[in-house]
Amino acid sequence: MDRTAIAQRRTEVLVTEHQTKLARYLRRMVGDAEVALDLTQDVFLSAYRTLQADPARELRVGWLYRAATNAAISFMRRRKILHVLPLDRDLDRSAWRVDEHSAESVDLQAALARLPVEQTAALLMTSYAGYSSSEAAQILGISADAVRQRVCRAMKTLRHVMNEESIS
Amino acid sequence: MNTLNCTAAEILAGAIALGEAGDEQRHAYREHLSTCRRCLTQIGGEREIERVINLVAQVRDQESWQPDVRRALARVPGRRRAWRWGAGLAAAAAFVVAILATQRQAPVVVHGVAAPDLKAVAYLGTQAVPQRESRAESLAFTGAQTARTTITFQVKLDKRSKPMRCTVIKHSGPAKLDMALCNAVMRAR
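Residues numbered from 1 in each chain as written. Chains lettered and ligands numbered in written order. Predicted model: local features only at pLDDT ≥ 70, side-chain atom pairs only at ≥ 80, totals over all residues.

## Section: the overall build of chain B
Next up, step 1: Scanning chain B from N- to C-terminus turns up 8 helices and 4 strands.
Next up, step 2: When the helices and strands of chain B are read in sequence order from the N terminus, they spell out α-α-α-α-α-α-β-α-β-β-β-α.
Next up, step 3: Pairs at least 24 apart in sequence give 59% of the contacts found in chain B among residues at least 6 apart. (Helix = DSSP H or I, 4+ residues; strand = E, 2+ residues; numbered from the N terminus. Contact = placed C-beta atoms within 7 Å.)

Here it is as structure tokens:
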């Protein structure tokens, strides 16, 4: 079997196993389903190219999340510079509104938009994607304590936004 | 005696949030809170931490979006478009030329702008807006390898020539493409 066939077969497996979770993670990172889908495709294409170059390489799910996080961070930084993407896409924001009928209701997507990207990544990698702080640390290339601290700081902001919302 | 500083307390709070803190750590955090009003106000107690983190978990559990990356990948000729700066700028330039040309009432065909590149235009935004009110535009996009599609749209401008409303009169087929075009036009404010 040639390199391309091996890479295709292995990428297929990665896509089948991880596409949904990865795309959902990215959607929460960037706040836009369409962009998330694009970034997810980019991640899998990047995996395909990596496997094509080195078919023996072991690509684990952590690699996918690292690539996804980097893609999301660079997208968000670019978006910050350009200010062109609308931040008011009702479709995604409504999906983030938890328990709409209770006093606890909060627009988490709007709250996440106020976090630094590094904190968003740490929070989503752990509490959303389900990684432990040590696993997230390996993926993000920081220490486990730094992950915990970022999660805490992200929570501070979320709490602040929730309090603001409940007051208003 | 409380020996924790606020940075260490933040790390403990993160551990509590992620369910990684043992009894000893939880106790140390409680002790810190009893003497640190700032952490108590900003982070809150264990219950508060769990309440906030549970909201994220709740969203995750309610998630129903089922994206099909494989299908999207298969749709893209040549594997994948790149909305890199170069391609984006090239597409934006083609778009500007197209808009300017339509002002002379001529039918416009933009060759070599694949549909995905239109999205690059949307990301980059463009200042090219027709300087008249309520005029219809028609653009034909020809992909490098495959489909060709035409979108006819109408833009309503205010007194300062800012786009007020974009209406797609003739759809191209993929709704995303129509939306991307209108989004690009509406962003040109």
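## Observations regarding the overall build of chain A
Next up, step 1: Scanning chain A from terminus to terminus reveals 8 helices and 2 strands.
Next up, step 2: Starting at the N terminus and walking to the C terminus, you meet the elements of chain A as α-α-α-α-β-β-α-α-α-α.
Next up, step 3: Residues counted as buried form 45% of the 168 residues belonging to chain A.
Next up, step 4: In chain A, the proportion of contacts linking residues at least 24 apart, taken out of those at least 6 apart, comes to 61%. (Buried ≥ 20, exposed ≤ 12 C-beta atoms within 10 Å, placed from the backbone.)

## Looking at the packing of helix α1 (residues 3–30) of chain A against helix α6 (residues 117–128) of chain A
Residues and elements named next belong to chain A.
Next up, step 1: In contact at an axis separation of 10 Å, α1 and α6 are set at 145° when each is read in the N-to-C sense. Both α1 and α6 take part in a crossing whose hand is right-handed. Facing Y25, R28 and M29 of α1, the residues of α6 in contact are T120, A121, L124 and Y128. (Axes fitted to C-alpha atoms, helices over the stretch in contact; angles between N-to-C directions. Left-handed = near helix turned anticlockwise from the far one by under 90°.)

## Looking at the nonpolar core
Among soluble globular proteins, nonpolar side chains are generally buried collectively.
Next up, step 1: Counting 67 residues, the largest nonpolar core has L26, L39, A68, M125 and M155 of chain A as the members making the most contacts within it.
Next up, step 2: I151, F153, L181 and C182 of chain B belong to the second largest nonpolar core, which has 9 residues in total. (Core = buried A, V, L, I, M, F, W, Y, C linked by C-beta atoms within 7 Å.)

## A closer look at the packing of α6 of chain A against helix α7 (residues 133–140) of chain A
All names here are of chain A.
Next up, step 1: Two numbers describe how α6 lies on α7: the axes approach to 9 Å, and their chain directions differ by 135°. One element, α6, and the other, α7, form an angle in the oblique class. In the crossing of α6 with α7, the sense of the turn from one axis to the other is right-handed. Residue-level contacts link A121, A122, M125 and T126 of α6 to S133, A136, I139 and L140 of α7.
Next up, step 2: Here the contact of α6 with α7 is built from residues that sort into 6 nonpolar, 2 polar and no charged. (Parallel < 35°, antiparallel > 145°, perpendicular 65-115°, else oblique. Nonpolar A, V, L, I, M, F, W, Y, C, P; charged D, E, K, R; others polar.)

## Topic: the interface of chain A and chain B
As a measure of interface size, the accessible area lost when the parts come together is often cited.
Next up, step 1: With 36 residues of chain A at the contact, the number on the chain B side is 35 residues.
Next up, step 2: Taken together, the elements giving at least two residues each to the side of chain A that touches chain B come down to α1, α2 (33–53), α6 and α8 (144–167) of chain A.
Next up, step 3: It is α8 of chain A that provides the largest number of residues to the side of chain A that touches chain B, a total of 10 residues.

## A few points about the confidence of the model for chain B
Residue and element names in this part refer to chain B.
Next up, step 1: Confidence along chain B averages 67 in pLDDT terms, with 53% of residues attaining 70 or more.
Next up, step 2: The secondary-structure element of chain B with the lowest mean pLDDT is strand β1 (residues 108–111), recorded at 36, while helix α1 (residues 6–17) shows the highest, at 95.
Next up, step 3: Scored below 50 in pLDDT, residues 76–87 shows 19 contacts in the model against residues more than four places distant or in partner chains.
Next up, step 4: Note on residues 100–145: pLDDT is under 50 here. Beyond four places in sequence and across chains, it has 111 contacts.
Next up, step 5: Across the assembled chains, the prediction reports ipTM 0.79 with pTM 0.62. (pLDDT = per-residue confidence, 0-100.)

## Structural notes on α7 of chain A
All names here are of chain A.
Next up, step 1: When we look at burial in α7, the residues that qualify are S133, A136, A137, I139 and L140. Down the axis, α7 shows its buried residues gathered within 165° of arc, on one side only.
Next up, step 2: Taken from the residues just after α7, G141 is the one with a positive phi, measuring 75°. (Arc of directions from axis to C-beta.)

## Comments concerning the confidence of the model for chain A
Next up, step 1: Here chain A shows a mean pLDDT of 82. Residues at 70 or above account for 81%.
Next up, step 2: Counting interchain partners and residues more than four positions distant, the pLDDT-below-50 stretch residues 83–105 of chain A has 34 contacts.

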